[in-house]
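Residue strings, one per chain:
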Amino acid sequence: MLEYPARNPFPARGISSAEETSLAEFLRDWARRTPTAILPGVREAQRWATDYLRGFGDDRTHDGGLACLYGAHGVGKTHAARHMMAFVNDADPRAVQLYLRFQEDDFVAEYRRLVSQLPQDLLTDLSLRYLGALAGDRAGHADGPASRGAVLSAVGDDPGRVYDLFGTHQVEAGEVLEEQAKEIAAVAGSGPEFQRALSFLLRPEFSGVAYDWLCGRPISPDASRALGVSGQIDDPLTCRYGLQLLTRLVTRGGRPFVLVLDQCEKFLPEGRSSLTANIGLLQSLVEVIPQAAGLLLLVSNDAAWERVPPDLRQRIGTGACHMLPLTPDEARLVLGAYIGAARPGYDDAAIWPFTESALLELLRHSGGNLRLLLQLSWASFEVAGPLSVIDAELVTSASARHSHSPGLAELAMLVESRLLAAGLTIERTETGDGGIAFHLPDRREPRALVKLSEAVFFDDEVANAVQTVAQTRHVRAGGRPVFTALLATGYVSPPVLAGLRGAVHVVLVADGSPGFPGQLDELVERIAAMPLKDEEPGALDDAMRAIVEHLEELNSERRAEMMILNRNLTAVSDRLEHQTLTAESERLDRQAPKEWPPKRAELVGRIAEARAARTAADWAEFRQARAEVVRERSSRFRMLAAAATAAVVTIGVAFSTVSLVPIQLTVTLFAGTAVAATVAWFLSRKFAASDVRRANAPLETRRDLDQLARELRGSADPRSTDPVGRYAYALSEDPDSGYQVLTEAMLVEPLALVRQATGRRLAVSERSPADCVAEVQRGLRERIPEVLLLLARGQRRAESDRPPRVLRDLPPELRVLVAIANPGSLELADGAISKHPAEAALAALGVRGSRHPLARAYRDGMAEIVPIEIPSNELRATARLLSPLEQDGLGTYDWLPLVAEIDELYLFFEKLLHHQEEMRSNLGKS
């Protein structure tokens, strides 16, 4: 008899850990402690690795490898990928392998986590071996293959000997560096920066800083200047270049390179604006890494695989493996592998103490999902007593707390309730094989037939499960097509499932997964949408017409009686209310909130008043500033006239008395004349500098100011003392070539109207809002809110190589402004750790779909929805942030092009708060 396992051989969580590390000892430990059944996905992954390593060698024309494992969550994709990495580690210990489990759709953050897995000494060694390979190629060109082999052999034993080759001039360092520059430029657009970083990586005093830069970590400005790089790697395109260069670095140095990207569904999220850009990045990696002789393995679920474009799926081709639920034979292999690992020396195929019926019960409750099967196996082993046999009954009791797949009776109740809720007429029957069938509308002439079946494990059970097909053919012989659907409880073996789908219109497996209710709803909607059979008029129509007429007569009599009763009740009710509820009604009327329309009108009036006051203040400031300039110019003109007059008089007196007075008086007169002339010259220069034209032009509206600025375009000057001259400059300067001058002018401008004009001009720049973040932050620090005009505009998301990552680092209230400016992409600046409460409320209007209660309320009005369950503090924070009445509320920035949208949002959230108060008040009344 087989020895009973001394411990529970199954993992409690049904999964094994997969560390993000490049260290070989972790892979060896994982392979030693984790049993692996050779399932189809594992076999395919091992075959890909074998083909890759066999073709790698010294063949520089080898294109590397490309593969993809995809399937539902829990089918063992990560396990298969990890087993492949352990296999590569044993087959070729030189291989450099990186494993990344995507956590978000931010490629920059994922790149930093990925490359940081490489220790600094390993990256330095790879860089030296890369130089050695280039040196060997140069030696081979000069002296033949023998010389190349000698150089590669020397460098392979000790990469540091490449410096000896340069020192003895066996290979010219300049030629090697030139060849390095060419190869880096071929795979990395930022070639010079990467080459400098690799060079400094080999210098001990700069090695740490260069390593940090290559890993995407921040470095100091001094270190950045010393290395000759532009700063921290912070955009997806440069990260892509870095990953491509890393592949070339490894494989060119003679070592295999394996990159596994797991959970790609998180990198390709459905409905997110980053999807297109990330697909482009993935397509580039799929092309370049195999070309650089690396092996790239993608791992994703079914949904992400469907989102991948057809050309990318074709590029992967036969390298794609769809991992399906377990068949009974595969489940037996899994149980045998884990039990055998806890019982060394015995046949791995033996599954005792599990019985065959227990195996089938595990499949039914797990749906063939590998992770869930292991979890249920662990639970069954824990429930079993010492040395107890684990049979189907024990598995059923152990699975009660873990499995969510319905039984046949539960499934029948679920399907029947859904069909009836859709208003369908059904006839339920029990089939001879113990199943249940629903005929719509009846068994004699159905237009649809839904068959429920127990779990299907083997091919010979298909006949029992598809009796529907025979019934369908029999009905079709009568000339009327019938829609057929088969629903199985818990599990259907994948080969059987493929055969069933060829015989029945729809096959669903009620495995307890979150997607099953949606699939069932789609099936019911499809059946409900089928056209009904046209009924001929006859006796049934006459009977129905007579019943309707009789009901109408009864309704007429009952309505008359109801009216009399209502009048009597109304009179009694009025008297009672007048006598007992007058005081209470008055109190409630005083405490009840006002109706929303009057409150909305009051808010709109207050907004208009506040906005008019702010506008009047800006215009008063502008007119006062110009009046002061005009007044100062007039004062200088008078002083200039007086000084000129004094100079002329002094000169006349001097010339008339020069021959009549002593020499001392003559000198004094000439000195006074010189001083008067100097003062006149200085005043004239000052007068010319304060050029004010059309001083009496009316400035009542912005149209007047724009017209005057266009007329005085020739006098436009950002340093003019006349505010109209500075305003004219803001309207005339090119916002792209003069971007820096305009931003500096706005930051030093004292007048709000001129700053607003400058901001509006800058807002039409070709620069993306994400490229203006530095100027916006500087302006806000200097209390210049008009810089927000650079941010509050549409972000062009077609720039797939440089998405606006910097927007995530903005303060929360500014991210809200970005979201309002991009209504189709409210999640544009999403992803930051710290969030403003308003972000969640605003996101509900778009990101969470048009069916979200908040979105429906905003679109259709409060009466169209059920009460909205959003915390009052979030609504209040949102209203305060958007308010045109609170200090520094977004609505106080009247010059924003979004101010109308901000007002509507503000009033909407005030309305939500009003309704919440009203509901609380009504609750108090009740």
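A brief look at the structure comes next. (Residues numbered from 1 in each chain as written. Predicted model: local features only at pLDDT ≥ 70, side-chain atom pairs only at ≥ 80, totals over all residues. Heavy atoms only, no water.)

Observations concerning empty space enclosed by the protein
Here comes step 1: A complete count under the given rule lists five cavities of 30 Å³ or more for this structure.
Here comes step 2: Computed from the structure, the largest cavity encloses a volume of approximately 90 Å³.
Here comes step 3: Taken together, Tyr111, Val115, Leu123, Phe194, Leu198, Leu214, Gly242, Leu245, Leu246 and Leu249 make up the full set of residues lining the largest cavity.
Here comes step 4: Taken together, the elements giving at least two residues each to the lining of the largest cavity come down to helix H4 (107-115), helix H9 (191-201) and helix H12 (236-252).
Here comes step 5: The dominant element in the lining of the largest cavity, judged by the number of residues it contributes, is H12, at four residues.
Here comes step 6: Its residues assigned to classes, the lining of the largest cavity comprises nine nonpolar, one polar and no charged. (1 Å grid on protein atoms, 1.4 Å probe; cavity = no way out; pocket = protein on both sides within 12 Å on 5 of 7 lines; lining within 4 Å. Points joined across faces, edges and corners; volume = space filled by probe spheres on them. Helix = DSSP H or I, 4+ residues; strand = E, 2+ residues; numbered from the N terminus. Nonpolar A, V, L, I, M, F, W, Y, C, P; charged D, E, K, R; others polar.)

Considerations on the nonpolar core
Here comes step 1: Counting residues in each nonpolar core, the largest one holds 61 residues, and the members touching the most others are Leu123, Leu259, Leu261, Leu296 and Leu298.
Here comes step 2: No other element matches H12, which puts eight residues into this core.
Here comes step 3: With residues near it in sequence (within four places) discarded, Leu259 still touches Leu98, Leu114, Leu243, Ile289, Leu295, Leu296 and Leu297.
Here comes step 4: Formed by 45 residues, the second largest nonpolar core is a distinct cluster that contains Tyr729, Tyr739, Leu762 and Trp895. (Core = buried A, V, L, I, M, F, W, Y, C linked by side-chain atoms within 4.5 Å. Buried < 20%, exposed > 50% of the residue type's maximum accessible area, 1.4 Å probe, protein only. Contact = heavy atoms within 4.5 Å.)

Points about the sheet that holds strand E3 (residues 257-262)
Here comes step 1: Judged by pairing direction, the sheet is parallel, and its five strands sit side by side in the order E2-E3-E4-E1-E5 without closing on themselves. Every interior strand has two partners, whereas the edge strands, strand E2 (96-101) and strand E5 (320-323), have only one. Strand-to-strand twist in this sheet, taken as the mean axis angle between neighbours without regard to direction, amounts to 10 degrees. (Pairing = 2+ DSSP bridges. Axes fitted to C-alpha atoms, helices over the stretch in contact; angles between N-to-C directions.)

Description of the side chain of Glu110
Here comes step 1: In this structure, Glu110 sits in helix H4.
Here comes step 2: Classification of Glu110 by relative accessible area gives buried; the value is 1%.
Here comes step 3: A distance of 2.2 Å separates polar atoms of two side chains, one belonging to Glu110 and the other to Arg113.
Here comes step 4: Apart from the residues within four sequence positions on either side, Glu110 is in contact with Leu100, Arg101, Phe102, Gln103 and Glu104. (Polar contact = N/O pair within 3.5 Å; in protein donor to acceptor, adjacent residues only side chain to side chain.)

A short note on the side chain of Arg240
Here comes step 1: Within the secondary structure layout, Arg240 lies in helix H12.
Here comes step 2: Given the relative accessible area of 15%, Arg240 is considered buried.
Here comes step 3: With near-sequence residues (within four places) excluded, Arg240 lies in contact with Phe107, Leu281, Ser284 and Leu285.

Quick look at helix H31 (residues 739-748)
Here comes step 1: Of all the residues in H31, the buried ones are Tyr739, Leu742, Thr743, Ala745, Met746 and Leu747.
Here comes step 2: Check the buried side of H31 and you find it contacts helix H30 (723-732), helix H32 (752-762) and helix H33 (773-781).

Describing unusual backbone geometry
Here comes step 1: Following Trp352, the chain continues to Pro353 via a peptide bond in cis, the omega torsion being 20 degrees.
Here comes step 2: Tracing the sequence through the fold places Pro353 in the loop between helix H16 (328-342) and helix H17 (356-366).
Here comes step 3: Note the cis peptide between Leu440 and Pro441, where omega equals 0 degrees.
Here comes step 4: The backbone of Arg783 sits at a positive phi, close to 60 degrees, despite the residue not being glycine.
Here comes step 5: Among the secondary structure elements, Arg783 is positioned in the loop between H33 and helix H34 (812-821).
Here comes step 6: By relative accessible area, Arg783 is classed as exposed at 63%.
Here comes step 7: Despite not being glycine, Asp888 shows a phi value in the positive range, around 65 degrees.
Here comes step 8: Classification of Asp888 by relative accessible area gives partly exposed; the value is 45%.

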